[in-house]
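# Per-entry structural report
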Amino acid sequence: MTTAFFHDERTLWHLPGGFYATMLPVGRWVQPMAGPGIAETPDSKRRIKSLLDVSGLGAHLDQHTAQPASEEDLLRVHTRDYLQRFQAGSAAQGGDMGDLAVYGPGSYEIAQLSTGLAVAAVESVLTGRHANAFALSRPPGHHASRDRGAGFCLFNNIAVAIEVMKARHGLGRVAVIDWDVHHGNGTQSIFYSRPDVLTISLHQENCYPPGYSGADDRGEGEGLGFNMNIPLQPGGGHAAYLYAFERLVIPAIDRFAPELIIVASGLDANALDPLARMQLYPDSYREMTRLAMQLAARHANGRLVAVHEGGYSEVCVPFCALAIIEELCGQRSAAVDPLSDFIKLQQPGARFDALQRELIDDMAALHGL
Ligand code: ZN
């Protein structure tokens, strides 16, 4: 069985729209930028596909596009009113579906396709067609709640994929590991009272949503204990993430024993990212993928799907994705990662790491781990 790579050129034609400099509305003291102003551009995504092609790794993958997610399937997560407002705006000149969930003409259909890539990737792995899969979804999804977009996210791609698999295939327990540097607030809100979906978010503390930490938010009702937030200190790097896996992610998933693991694979904890302050490098993502694969092998017959989320450094993101996909398919490409050695020199010192470990130990105690 092979690794599948789901992508579609049309997702790179999504135009976030509006007038922004990185994430700031232009005007008054904020000078407009030449070229695309907003941080969420097609480039970091297109360069993932390009690097797969030129490195030769793409030849080892089973590459597919997918059908757009149907309205019926989107309604499993989102409200009809939300769909109608988005569809109307997309048929006109675009707009904003919430908090910086900006979109342009035609974005509705592209967002359907982005969700469709995630659905197809999860379905192909769940039904045993592929060993594991990577979906290059765009626009991203993890900040989108049922009735509100946020942070470039319009449909919650992973949440829709989970609900479709439950409806079509009777899928039971699913774990979502969200290693996007921003909090997976949309996914958390959708599954907050559900015991069948374990949502874990590793994120830079107080980054996005602004001021949000989330360490104490563990779910509610039947879902109490099935939501885990791991806020990490800005400046933290490889050691912080690996320790968070060791003390929190791995034991939580061992306790939950999911039938499928989905990674909300934002790559914006890389050290060059303009929208966060963490210090990961491509080999960090390789290592986290290896650990996620071990968890999937232990509990889920190997079933692991990575769905792309954020990641805004055009230089670093492609090498992070390459490392993940190399690990998924068990092949090393010819490409030499030019960044890991450089970023490894910039990791925080031992006293910082000790403080971060202490904070993680406190979180583990909170979760009874
Ligand atoms: Zn992000």
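For the structure itself, look to the data block above.
As a starting point, this report considers the structure included with it.

Donor atoms from the polypeptide that bind the zinc ion are Asp180 (OD), Asp180 (OD), His182 (ND1) and Asp268 (OD), placed at 2.0 to 2.6 Å. Its four donor atoms give the zinc ion angles of 54 to 156° at the centre, a pattern that matches the irregular case. Taken in chain order, the donor set of the zinc ion reads D-x1-H-x85-D. With Asp180 in the loop between strand S10 (174-178) and helix H6 (185-191) and Asp268 in the loop between strand S13 (260-265) and helix H8 (282-299), this pair connects stretches of sequence that are 88 residues apart. When sorted by exposure, Asp180 lands in the same class as Asp268, which is buried.

Before going further, it helps to examine the sheet that holds S13. Pairing between sheet strands relies on hydrogen bonds along the backbone, with the strands arranged either parallel or antiparallel. Within the open sheet, the eight strands sit side by side as S4-S1-S8-S14-S13-S10-S11-S12. Their pairing is parallel. Among the strands making up the open sheet, the edge pair consists of strand S4 (61-64) and strand S12 (227-232). For this sheet, the mean angle separating the axes of adjacent strands, direction not counted, is 15°. Looking at chain direction, S13 and strand S14 (residues 304-308) are connected through five bridges and run parallel. For Ile262, the partnering residue across the bridge sits in S14 and is Val305. Where helix H5 (residues 157-169) meets the sheet, its contacts fall on S10, strand S11 (197-204), S13 and S14, and the angle it forms with S13 comes to roughly 160°. In the packing of helix H7 (residues 238-256) onto the sheet, contacts are made with S10, S11, S12 and S13, and the angle to S11 comes to roughly 175°.

Before going further, it helps to examine the environment of His238. With respect to the helices and strands, His238 occurs in helix H7. Note on His238: relative accessible area 19%, which makes it buried. Sequence spacing of His238 and Gly27 is 211 residues, and the spatial spacing of their C-alpha atoms is 38 Å. In this structure the side chain of His238 is engaged in a polar contact, spanning 3.4 Å, whose partner is the side chain of Tyr281.

About the cut-offs
- Residues numbered from 1 in each chain as written.
- Predicted model: local features only at pLDDT ≥ 70, side-chain atom pairs only at ≥ 80, totals over all residues.
- Heavy atoms only, no water.
- Donors = N, O, S within 2.8 Å, 3.2 Å for Na, K, Ca; no water.
- Tetrahedral: all angles 85-135°; square planar, octahedral: opposite > 155°, others 65-115°.
- Helix = DSSP H or I, 4+ residues; strand = E, 2+ residues; numbered from the N terminus.
- Buried < 20%, exposed > 50% of the residue type's maximum accessible area, 1.4 Å probe, protein only.
- Pairing = 2+ DSSP bridges.
- Axes fitted to C-alpha atoms, helices over the stretch in contact; angles between N-to-C directions.
- Contact = heavy atoms within 4.5 Å.
- Polar contact = N/O pair within 3.5 Å; in protein donor to acceptor, adjacent residues only side chain to side chain.

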